[in-house]
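Take a look at the letters that make up each chain.
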Amino acid sequence: MKQVDLTERQIEYWWRRRRAQDKPTTLVKFCETSWRCIYYTYSFIFGCIVMWDKPWLWDIKACWYGYPHQSVTNDIWWYYMISMAFYWSLTASQFYDVKRKDFWQMFAHHMITILLMALSWVCNLHRVGSLVLLVHDCADIFLESAKLTKYAQYQKVCDTIFAIFTVVWIVTRLMLYPRIIYSSSVEAPQILPMFPAYYIFNTLLILLLVLHVCWTYLIVQIAIKAIKSGQMEGDVRSSSSEEISDSSENSRPLLTNGGTPKKQASKNGTTATGVSASPKKKQ
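Residues numbered from 1 in each chain as written. Predicted model: local features only at pLDDT ≥ 70, side-chain atom pairs only at ≥ 80, totals over all residues. Heavy atoms only, no water.

Q: Quick rundown of the overall build of the protein chain? Include the residues and the values.
A: When helices and strands are tallied, the protein chain shows 9 helices and 2 strands. Going from the N terminus to the C terminus, the protein chain shows its helices and strands as α-α-α-α-α-α-α-α-α-β-β. Within the protein chain, the fraction of its 283 residues that count as buried is 44%. Across the protein chain, every contact between residues at least 6 apart in sequence was considered, and the portion connecting residues at least 24 apart equals 76%. Counting every atom, the protein chain has about 16,100 Å² of accessible surface; 64% of that belongs to carbon and sulfur. (Helix = DSSP H or I, 4+ residues; strand = E, 2+ residues; numbered from the N terminus. Buried < 20%, exposed > 50% of the residue type's maximum accessible area, 1.4 Å probe, protein only. Contact = heavy atoms within 4.5 Å. Areas by Shrake-Rupley, 256 points an atom, 1.4 Å probe, with all protein chains shown as cover.)

Have a look at this one:
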């Protein structure tokens, strides 16, 4: 206060504004979410085109018939390589993108996904691996779309998309995906002999399901709050409140080049923050 000749309240305002500078803007979050939404939409459509004529899409047991002598077609190769590159990029960009409250859960999810893809590719388990990829891409489209409409302040559209996302998530992550795990845990041992890498692969699939259950709990919480309040209250993966109070928004001290508060008196005797420079109340 003595160094910059400001009141204690003005210093508090300045600190709040200074901390807010490190937080991402809505535009930054919108761009980041748009990129992921475009990818998931492309990946799901491309996956459907690639998998449509594959027998294991309609009968999961076909993943195990003839193993390990199962050839890899060009479309499956591209589907795998593009998906692998995307998850590697997510893992790397997670450290400098918008900070989320489930940072470590997402990091574990990306690492498990990459390990699953690498192991399934090396062990020629690409059939079941492609099914897992297809199931996971579907719900993410609606999640990212709900975020986009939230950032764009289309609340009713956001609520509708979020409701669709909740249904799709439960169907794909808690119904279809466990069906794949059932096939790998129960049906696969009946068709082919087991090998050490199989147990690692199946354990990673189950760990991924555990993460889905945890996220489902968060999603249900958001849905319940949305029903009670009449609108979705936030991003499932967003950090704690990123908004600052109106008082600190309207009370904006000027900053010098060094990042310290700078006093600027106006004609009516107040500083640029809109608060009187003197801590004493004007008589």
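Picking up after the structure, the text goes on.
Q: I'd love a proper account of helix α4 (residues 74-93), names of residues and values included.
A: Helix length check: α4, at 20 residues, gives a terminal C-alpha distance of 28 Å against a target of 28 Å (1.5 Å per residue), a fit within 8%. By the burial criterion, the buried members of α4 are Ile-76, Tyr-79, Tyr-80, Ser-83, Met-84, Phe-86, Tyr-87, Leu-90, Thr-91 and Ser-93. Among the structural elements, α2 (26-51), α3 (55-58), α5 (103-122) and α6 (126-151) are those in contact with the buried residues of α4. (Expected span 1.5 Å × (residues − 1).)

Q: Mind laying out the side chain of Thr-149, listing which residues take part and the relevant values?
A: Within the element layout of this structure, Thr-149 appears in helix α6. A relative accessible area of 12% means that Thr-149 is categorised as buried. Excluding residues that lie within four positions of it along the chain, Thr-149 makes contacts with Tyr-154, Val-157, Cys-158 and Ile-161.

Q: Describe the UniProt feature "transmembrane region" (unreviewed entry) in the protein chain, and please don't skip the residues or the numbers.
A: Per the UniProt record, "transmembrane region" (unreviewed entry) is annotated on residues 77-96, 103-122, 157-177 and 197-220. Spanning residues 77-96, this segment combines 85% helix with 0% strand, and its end C-alpha atoms are found 30 Å apart. Within the segment residues 103-122, helix and strand shares are 100% and 0% respectively, and the terminal C-alpha atoms sit 29 Å apart. (UniProt positions renumbered as here; feature names shortened; annotations may be inferred.)

Q: Any chance you could break down the environment of Leu-90 for me, citing the residues and the numbers?
A: Along the polypeptide, Leu-90 turns up in helix α4. Along the sequence, Leu-90 and Arg-36 sit 54 residues apart, while their C-alpha atoms lie 9.4 Å from each other. If sequence neighbours within four positions are ignored, Leu-90 has contacts with Arg-36, Tyr-40 and His-110.

Q: Before we move on, can you summarise a nonpolar patch on the surface with the specific residues and values?
A: Where nonpolar side chains cluster on the molecular surface, the patch consists of Val-167, Ile-170, Val-171, Met-175 and Leu-176 and spans about 410 Å² of accessible area. Relative to the helices and strands, Ile-170 is located in helix α7 (residues 155-191). Look at Ile-170 and you get partly exposed, because its relative accessible area is 33%. (Patch = residues over 30% accessible without salt bridge, like charges linked within 9 Å, V, L, I, M, F, W, Y side chains within 5 Å. Salt bridge = Lys/Arg side-chain N within 4 Å of Asp/Glu carboxyl O.)

Q: Let's hear about the pattern of salt bridges: which residues, and what values?
A: Per the counting criterion, the structure on display carries 7 salt bridges. Of the charged contacts, one joins Glu-187 and Arg-179 as a salt bridge, the two residues approaching to 3.2 Å between their closest N and O atoms. Assessed through its relative accessible area of 8%, Glu-187 is described here as buried.

Q: Tell me what's going on with the environment of Thr-91, and back it up with residues and numbers.
A: Locating Thr-91 in the fold gives a position in helix α4. Sequence-wise, Thr-91 and Phe-107 are 16 residues apart; in three dimensions their C-alpha atoms are separated by 6.5 Å. Setting aside chain neighbours within four positions, we find Thr-91 in contact with Phe-107, His-110, Met-111 and Ile-114. A polar atom in the side chain of Thr-91 sits 2.8 Å from the backbone oxygen of Tyr-87. (Polar contact = N/O pair within 3.5 Å; in protein donor to acceptor, adjacent residues only side chain to side chain.)

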